[in-house]
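Here is how the chains run, residue by residue.
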Amino acid sequence: MFFSLQTLFSRSFARLLTFSLMVFSCHVFADHPHVQGEPPRYTVAIESDDFVTRALFDAISDQFNVDILYKKYDSFEDVLDGVISGDSDFAANVTHTEARSLVLDYSSPTNIEYTYFFSKDVDFNLATRIGVPSDSIYLELLKHYNNQLEIREYHDLEQAQDWLSSGHVQGTVDAINLLRPLLEAGFDAHLLNNEIPIKPVSLVATKDKHRTRLNEFATFIQSELIQRHLRHSVSSFQFKARMRAIQSQILELGIDPRKAIRIKLENAYPFASYDDTESPTGISADTVFAACEILQLNCELVSKSGETWESMYQDLIDKKIDLLAPLTISEPRKQIAFFSTPHFFPQAVMVKRQNYKNDVYSSISELIVERIGVIEDDFFHELLAFLLPNKSFSLYPSQDALIKALLDAEVDYIATDRSTLNHFLLTSSELTIEEDDHIGSFYESSIAMGFVKSARGEALAHLFSDALKIIDTTQINNAYAKPPNWRTNLQKQHVYAQRFQITLAIILTITLASAWYLYHQSRTDNLTQLRNRRALVQRYRAGIRESQSLLYLDLNKFKEINDLYGHDVGDQVLMKYSQLIRQYCSGDGYRIGGDEFIVVSNLNLTQLNSALSQLERFSFKLRGFKTEIILRASIGVYQASKNQLKLADILSLTDLAMYEAKRDHHTDVVFVDDSRIKSLKQNLAFRSAIEAAINNANIDCHFDIVYERKSKQPIAAQCKISWVYQEQQYDYHQLREHADVLGLSTALDELTLAKVTHFCRESSALLAAKPDFQFWMHICQHSISNSEKLLQQIDSYAPLKQHLALLIDERYFSRSRLKAGINKLTLMGLHLVVDDFGAKNASFYALNQEGITRCKTAARVAVQEQQNSQSNALTSFSLIDLLAQLDKQIIVSGIDNQALLDWANQQSVRFVQGQQLSPVLSTQELRLLLG
């Protein structure tokens, strides 16, 4: 943003005095910027929701080991004043001007400012009245872009929203910090960086105070890694902001998220193809399910592969289903269905048998004497009936039946789209049909989703249209609607003609190569084609050469990728990472199991550090979504020395170093050297101790009580485990972190359950008098997806099921791979409580679960959400309002002071938990409380 010279030079003389004092203090204290031994601390000025600045300075904090304190200001002008006065040290995203450079130190350009056009479905290129923030660079920028525009300046977000709502302007141009609030207010956002020239922005610092740091920070931000990280972070922020804005509309549009949306998909390539389990994939299938995932609605597929199009279409008319896809948009159909925006535009063609009446016809209207086949009640039936009135057609129930009729000469022409024809030619040995090129494409269809003609259907059409804006439909379409590879088809015909000779050659080749192949397979990982553990041991059993390094790499949170996106995506991630290993490491790569890799490298130290920067963090594009996930790897590095070690010892040390990197959130790489070997061995002792503690049940259990606020009666006790090692206590979260790394999460859950079961057995008389009292315990995602052993433990003591409630993190409810496990727990009659509700974006799926009546949220989250909903009209529902609308009970935890308890009383929160009410109790203290 850019403010005028007049505004800057009208500042008071007091600022000049401030500058003088600031410069003086800068020289006096330059050699003592922070307390000796502690990391430097800097204050960074930001506006509310300034996501880009946080992303940049969080990365700076990790890289330079400095503490960053963010200070919020009401406006961008106040941000600049804060840095100028020395109240803050740095700010980001500042456009250079001569006036500002007199009072601020600038870095070289670091990044672009992400700029958007906000509107209500108005095309930027068609808008004539546009609003911009006052005294900003956008006024000059838009005048240069189009001097015919009427540009009006607003002062703040409230005025911008008022102008957009009233039509005073057709749209506004502003920065990314307004993306979330304006999306949540119901406006659309269109990124302008690729359409108009946006000037780059820089870091700024207080004059003459941080010049060295400013240049260091800027150089770091300009690196390829951070630019890629910023781009990916912005992409993820945009996606989440748009998704949350869409989800916030669900209740406002009167949609009950608990009610199933009944969906039918026509079994026709490229739109939907059903496999043996009746699960469809294709353009329509992938797009519909991607939209359902974004909206977090309860979508239910009710179609089968054998259903005819005619019956599905009739079900939509009869309002037996809510959504039908694919459905081509046409004026007659708008009378019986609501449509989403179109997401695929196939070309309609006429198909005939090969060499049938070549170059005879040039338009559809000339086909009056030909026998034409169509699918009954399909769009092409409707279209050809309009183009060829009074002509009768041969009707067929499906695409397969239609093509067979053409091959069998029952008809002379059929109408289909070009992508369906191409797919048939690529996958079938029947190459005797072709497009009539002389007629060519005669219509471009608009493929969309069709919704039932009702108020609910209209609202669903609106929601799914909004979801389509953040789905990468181009990628989905290209995955299925591929043009034919004619070279491949010709080669296939050539292969058929010479089958005998080629078969004989293949047999001879296989005979000669079989021994080598078996040897190669025994030493190769089938998925990644890297070598395996056997090959590593065979080659380096005695150790590595002095000029070599060994890298032990482990992908962080890889199990979550499998659980959230499925094993197919997990396999793709492993293959992508193996490609990076081949690309950046000179040496041998090995996959030794799961998500663990070994690289024996010949790189020197400079080359090695460059390769590590590429391997410690990488991005992976999810098909069907306009976003990427960022994955990190923990890496232990051993550089060979004169004291040569055997492979087993090197692997042990680098495994420990990798584990240390995994625990330290500020670094991804740990080098093994002589000075670190002692500490690594101490870590090995710690790992052994924690494994033994979990396996031998040497873990303590305490209870955090949940109270009914008015009566002050205890209604539940949350089991919180802890462990003491060498006089240091580790709480539940620390234990969970170590257990996740060691693969002991499920064992930790089983141990916690055993502690609760033991208490229930020992206190059965007390609990008999309190039949509604519950014991709450967390369970991890692995226990959810593999719950057999946990359920056996629960069944071993019948009264336990009555008193046990499982705390399940809210984010797990939106993970498709965990839904079956959660449903199983519900069907077994177990009580489930949604934990950490609201911290990960409200999941309607969590609220839809039958039998789930309680949601637990932290006080800080609930208070913040309520303040957001009261401070402006952009958020329609606070957490408390939302749960009340859906008849859910809310438990607010973290009531640790009187102010929070007063807030809970004012909001009439029914159930509360926290230190202000009661300390965490031991087993004996809980018995006294229940007695």
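Residues numbered from 1 in each chain as written. Predicted model: local features only at pLDDT ≥ 70, side-chain atom pairs only at ≥ 80, totals over all residues. Heavy atoms only, no water.

Structural notes on the overall build of the protein chain
At step 1: If you tally the helices and strands in the protein chain, you get 37 helices and 39 strands.
At step 2: For the protein chain, buried positions account for 52% of its 931 residues.
At step 3: Put simply, 72% of the contacts in the protein chain that link residues at least 6 apart link residues at least 24 apart.
At step 4: Surface summary for the protein chain: the accessible area is close to 43500 Å², and the carbon and sulfur share equals 50%. (Helix = DSSP H or I, 4+ residues; strand = E, 2+ residues; numbered from the N terminus. Buried < 20%, exposed > 50% of the residue type's maximum accessible area, 1.4 Å probe, protein only. Contact = heavy atoms within 4.5 Å. Areas by Shrake-Rupley, 256 points an atom, 1.4 Å probe, with all protein chains shown as cover.)

Side note on the state of the cysteines
At step 1: Counted by the stated rule, this structure contains two disulfides.
At step 2: Covalent S-S linkage joins C292 and C299, the inter-sulfur distance amounting to 2.1 Å. Handedness of the C292-C299 disulfide follows from its S-S torsion of about -95°: it is left-handed.
At step 3: According to the relative accessible area criterion, C292 is buried, its value standing at 7%.
At step 4: Overall, the relative accessible area of 22% leaves C299 in the partly exposed class.
At step 5: Here C701 is linked by a disulfide to C719, with a sulfur-sulfur distance of 2.4 Å. Taken together, the residues C701 in strand 31 (residues 700-708) and C719 in strand 32 (residues 713-725) connect sequence positions 18 residues apart. (Disulfide = S-S within 2.5 Å.)

Brief notes about helix 9 (residues 211-221)
At step 1: For helix 9, every residue scored as buried is listed here: L214, F217, A218, F220 and I221. Axial view of helix 9: buried residues confined to an arc of 160°, hence all on one face. Opposite the packed face of helix 9, turned more than 90 degrees from it, sit the exposed residues T212 and T219.
At step 2: Contacts from the buried residues of helix 9 go to strand 1 (41-47), helix 3 (51-64), strand 3 (90-94), strand 4 (104-106), strand 11 (200-206) and helix 10 (224-252). (Arc of directions from axis to C-beta.)

Topic: the packing of helix 10 against helix 16 (residues 455-468)
At step 1: Two numbers describe how helix 10 lies on helix 16: the axes approach to 10 Å, and their chain directions differ by 175°. With respect to helix 16, the element helix 10 is oriented roughly antiparallel. When helix 10 is examined against helix 16, the residues I246, Q249 and I250 are found in contact with a partner set consisting of H462, L463, D466 and A467.
At step 2: Residues of the contact of helix 10 with helix 16, tallied by class, amount to four nonpolar, two polar and one charged. (Axes fitted to C-alpha atoms, helices over the stretch in contact; angles between N-to-C directions. Parallel < 35°, antiparallel > 145°, perpendicular 65-115°, else oblique. Nonpolar A, V, L, I, M, F, W, Y, C, P; charged D, E, K, R; others polar.)

Focus on empty space enclosed by the protein
At step 1: In the structure shown here, the tally under the stated rule is six cavities of 30 Å³ or more.
At step 2: Here the largest cavity is characterised by a volume of approximately 210 Å³.
At step 3: Surrounding the largest cavity, 19 residues form its lining, E266, F271, D378, F380 and D417 being those nearest its centre.
At step 4: For the lining of the largest cavity, the elements supplying multiple residues, two or more each, are strand 16 (323-328), helix 13 (379-387) and strand 21 (413-417). (1 Å grid on protein atoms, 1.4 Å probe; cavity = no way out; pocket = protein on both sides within 12 Å on 5 of 7 lines; lining within 4 Å. Points joined across faces, edges and corners; volume = space filled by probe spheres on them.)

Brief notes about the sheet that holds strand 16
At step 1: Read from one edge of the open sheet, five strands run 15-12-16-24-17, paired in mixed fashion. Strands at the two margins of the open sheet, each flanked by one partner only, are strand 15 (299-301) and strand 17 (337-339). Sheet twist, expressed as the average angle between the axes of neighbouring strands with direction ignored, equals 40°.
At step 2: Here three bridges tie strand 12 (residues 261-265) to strand 16, and the two strands are oriented parallel to one another. Counted as the bridge partner of I263 is L323 from strand 16. (Pairing = 2+ DSSP bridges.)

Comments concerning the packing of aromatic side chains
At step 1: Taken as a whole and assessed by the stated rule, the structure comprises 29 aromatic pairs.
At step 2: Ring plane angle 40° and centroid distance 6.0 Å describe the contact between F57 and F90, whose orientation is recorded as tilted. Taken together, the positions of F57 in helix 3 and F90 in strand 3 put the pair 33 residues apart, joining distant regions of the chain.
At step 3: Aromatic pair W723 and Y730: ring centres 5.6 Å apart, planes at 35°, arrangement tilted.
At step 4: The exposure class of W723 is buried, given its relative accessible area of 6%.
At step 5: For Y730, a relative accessible area of 10% gives the class buried.
At step 6: Aromatic rings pair up to connect Y42, F57, F64, F90, F217 and F220 into one cluster.
At step 7: A cation sits over an aromatic face here: R854 above F911, 5.2 Å from the ring centre. (Phe/Tyr/Trp six-rings, centres within 6.5 Å; stacked < 30°, edge-to-face > 60°. Lys NZ or Arg CZ within 6 Å of the ring centre and 35° of its normal.)

Digging into the side chain of D50
At step 1: Along the chain, the position of D50 falls in the loop between strand 1 and helix 3.
At step 2: Buried D50, no salt bridge; nearest opposite-charge side chain is R54, N-O distance 7.4 Å.
At step 3: If we ignore the near neighbours within four places in the chain, the residues touching D50 are N93 and N177. (Lys, Arg positive; Asp, Glu negative; His and termini not counted. Salt bridge = Lys/Arg side-chain N within 4 Å of Asp/Glu carboxyl O.)

Here we look at the pattern of salt bridges
At step 1: Inspection of every chain in the model, using the stated rule, returns 37 salt bridges.
At step 2: Note that E150 and R152 form a salt bridge whose closest N and O atoms lie 2.3 Å from each other.
At step 3: Taking the relative accessible area as the measure of exposure, E150 reaches 35% and is therefore partly exposed.
At step 4: By relative accessible area, which is 21% here, R152 ends up partly exposed.

Concerning the sheet that holds strand 7 (residues 129-133)
At step 1: Here we have five strands laid out as an open sheet, ordered 8-7-9-6-10, and mixed in their pairing. Each edge of the sheet is formed by a strand with only one pairing partner; in this case those strands are strand 8 (150-154) and strand 10 (188-191). Between one strand axis and the next, the sheet turns through 30° on average, direction left out of account.
At step 2: Sheet topology places strand 7 next to strand 9 (residues 171-175); two bridges connect them, and they run parallel.

A few points about unusual backbone geometry
Leaving glycine aside, a negative phi is the common case for residues, and trans is the common case for peptide bonds.
At step 1: Between Y269 and P270 the backbone carries a cis peptide bond, its omega angle lying at 10°.
At step 2: Mapped onto the elements, P270 comes out in the loop between strand 12 and strand 13 (273-274).
At step 3: For the peptide bond that leads from A325 to P326, omega is -5°, which places it in the cis range.
At step 4: One can find P326 in strand 16.
At step 5: Despite not being glycine, N390 has its phi angle at roughly 70°, a positive value.
At step 6: The topology assignment puts N390 in the loop between helix 13 and strand 20 (394-396).

Let's talk about the pairing of strand 28 (residues 617-621)
The side chains of a regular strand alternate, residue by residue, between the two faces of the sheet.
At step 1: The element strand 28 is largely enclosed, with a buried count of four among its five residues.
At step 2: Bridging between strand 28 and strand 29 (residues 628-639) involves five bridges; their strand directions are antiparallel. Looking across to strand 29, one finds that F620 is bridged to I629.

Examining helix 23 (residues 605-615)
At step 1: Looking only at helix 23, the buried set comprises L608, A611, L612, Q614 and L615. In a view along the axis of helix 23, the buried residues occupy a sector of 160°, so they form one face of it.
At step 2: Along its buried surface, helix 23 packs onto helix 10, strand 25 (549-555), helix 22 (567-584), strand 28, strand 29 and strand 30 (669-672).
At step 3: Where helix 23 begins, the capping side chain belongs to N604, and its oxygen is found 3.2 Å from the backbone nitrogen of T606. (Polar contact = N/O pair within 3.5 Å; in protein donor to acceptor, adjacent residues only side chain to side chain.)

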